[in-house]
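Here is how the chains run, residue by residue.
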Amino acid sequence: MTVLRSIVLFALAALAEIGGAWLIWQGVREHRGWVWIGAGVIALGAYGFVATLQPDANFGRILAAYGGIFVAGSLAWGMVLDGFRPDRWDITGASICLIGVAIIMYAPRAA
């Protein structure tokens, strides 16, 4: 249950952070305005809060592992919302990052 909770929290954090950055990008680069930018700022704040809910108490471990989630999630976000098509190197890199997440977060540790 702890691993499942952690995975769900990582997914929610990615949705908030990547979504927030995308909203700001849309507001600034695509000239959609301050409402989009403001929504992005709120989403980024939500990301910071969601990250604190991880069951592991080690900030460095959580943020290091989340980096891999961010890499893979960003590519997926681009595919769904911007029509981005990753090449084999994007997919290989994201896969390596996700393996790193699994090792950092879920490898057995001595007490």
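Being a predicted model, the structure only gives us computed values, none of them experimental.

Peer 1: For this particular structure, what's the right way to read helix H4 (residues 88–106)?
Peer 2: Taking 1.5 Å as the rise per residue, H4 with 19 residues should run 27 Å; its terminal C-alpha atoms sit 26 Å apart, in good agreement. All buried positions along H4 are accounted for by Ala94, Val101 and Met105. Considered in projection along H4, the buried side chains sweep an arc of 5 degrees and stay on one side of the axis. H4 presents Arg88, Trp89, Ile96, Ile99 and Ile103 as exposed residues on the side facing more than 90 degrees away from its buried surface. Contact partners of the buried residues in H4: helix H1 (2–29) and helix H3 (59–82). Regarding H4, its N-cap is aspartate 87, as a side-chain oxygen of that residue lies 2.9 Å from the backbone nitrogen of tryptophan 89 further along.

Peer 1: I'm lost on unusual backbone geometry in this one. Help?
Peer 2: Trans peptide bonds make up the majority, and among non-glycine residues the majority have a negative phi. Even without being glycine, histidine 31 reaches a positive phi, approximately 55 degrees. Assignment of secondary structure puts histidine 31 in the loop between H1 and helix H2 (34–51). Looking at histidine 31, the relative accessible area reads 70%, which means it is exposed.

Peer 1: Quick question: what am I supposed to make of the pattern of salt bridges here?
Peer 2: When the charged atoms of two side chains lie near each other, side chains of opposite charge can form a pair. Here the structure, examined in full by the defined rule, presents 1 salt bridge. Salt-bridge contacts for arginine 61 lead to aspartate 56; the nearest nitrogen and oxygen are separated by 3.0 Å.

Peer 1: How do you make sense of the packing of aromatic side chains when you look at a structure like this?
Peer 2: Working definition: an aromatic ring pair is given by the centre-to-centre distance plus the angle between the planes. Evaluated as defined, the whole model comprises 5 aromatic pairs. For the ring pair tyrosine 66 and phenylalanine 70, a centre distance of 6.3 Å and an interplane angle of 55 degrees mean the geometry is tilted. Of this pair, tyrosine 66 and phenylalanine 70 both sit in helix H3, 4 residues apart, which is roughly one turn of the helix. Ring pairs connect the aromatic residues Phe10, Tyr47, Tyr66 and Phe70, which therefore count as one cluster. Stacked on the ring of tryptophan 36, the Lys or Arg arginine 32 has its end atom at 4.7 Å from the ring centre.

Peer 1: Help me understand the UniProt feature "transmembrane region" (unreviewed entry) in the protein chain, please; the structure alone is not making it clear to me.
Peer 2: Residues given the UniProt feature "transmembrane region" (unreviewed entry) here are residues 7–25, 31–50, 62–79 and 91–108. Secondary structure content for residues 7–25 is 100% helix and 0% strand, while the C-alpha to C-alpha distance between its ends is 26 Å. Across residues 31–50 one finds 85% helix and 0% strand; the C-alpha atoms that close the span lie 29 Å apart.

Peer 1: Sorry, what's going on with the packing of H1 against H3 here?
Peer 2: The angle between the axes and the distance between the axes are what describe a pair of packed helices. The N-to-C vectors of H1 and H3 enclose an angle of 55 degrees; their axes lie 9 Å apart at closest approach. Relative to H3, H1 is oriented oblique. Of the two possible hands of crossing, H1 and H3 adopt the one that is right-handed. For the pair H1 and H3, the contacting residues are Phe10, Ala13, Ala14, Leu15, Glu17, Ile18, Gly19, Trp22 and Gln26 in the first and Ile62, Ala65, Tyr66, Ile69, Phe70, Gly73, Ser74, Trp77, Leu81 and Asp82 in the second. Split by residue class, the contact of H1 with H3 holds 13 nonpolar, 4 polar and 2 charged.

Cut-offs used in this document
- Residues numbered from 1 in each chain as written.
- Predicted model: local features only at pLDDT ≥ 70, side-chain atom pairs only at ≥ 80, totals over all residues.
- Heavy atoms only, no water.
- Helix = DSSP H or I, 4+ residues; strand = E, 2+ residues; numbered from the N terminus.
- Expected span 1.5 Å × (residues − 1).
- Buried < 20%, exposed > 50% of the residue type's maximum accessible area, 1.4 Å probe, protein only.
- Arc of directions from axis to C-beta.
- Contact = heavy atoms within 4.5 Å.
- Polar contact = N/O pair within 3.5 Å; in protein donor to acceptor, adjacent residues only side chain to side chain.
- Salt bridge = Lys/Arg side-chain N within 4 Å of Asp/Glu carboxyl O.
- Phe/Tyr/Trp six-rings, centres within 6.5 Å; stacked < 30°, edge-to-face > 60°.
- Lys NZ or Arg CZ within 6 Å of the ring centre and 35° of its normal.
- UniProt positions renumbered as here; feature names shortened; annotations may be inferred.
- Axes fitted to C-alpha atoms, helices over the stretch in contact; angles between N-to-C directions.
- Parallel < 35°, antiparallel > 145°, perpendicular 65-115°, else oblique.
- Left-handed = near helix turned anticlockwise from the far one by under 90°.
- Nonpolar A, V, L, I, M, F, W, Y, C, P; charged D, E, K, R; others polar.

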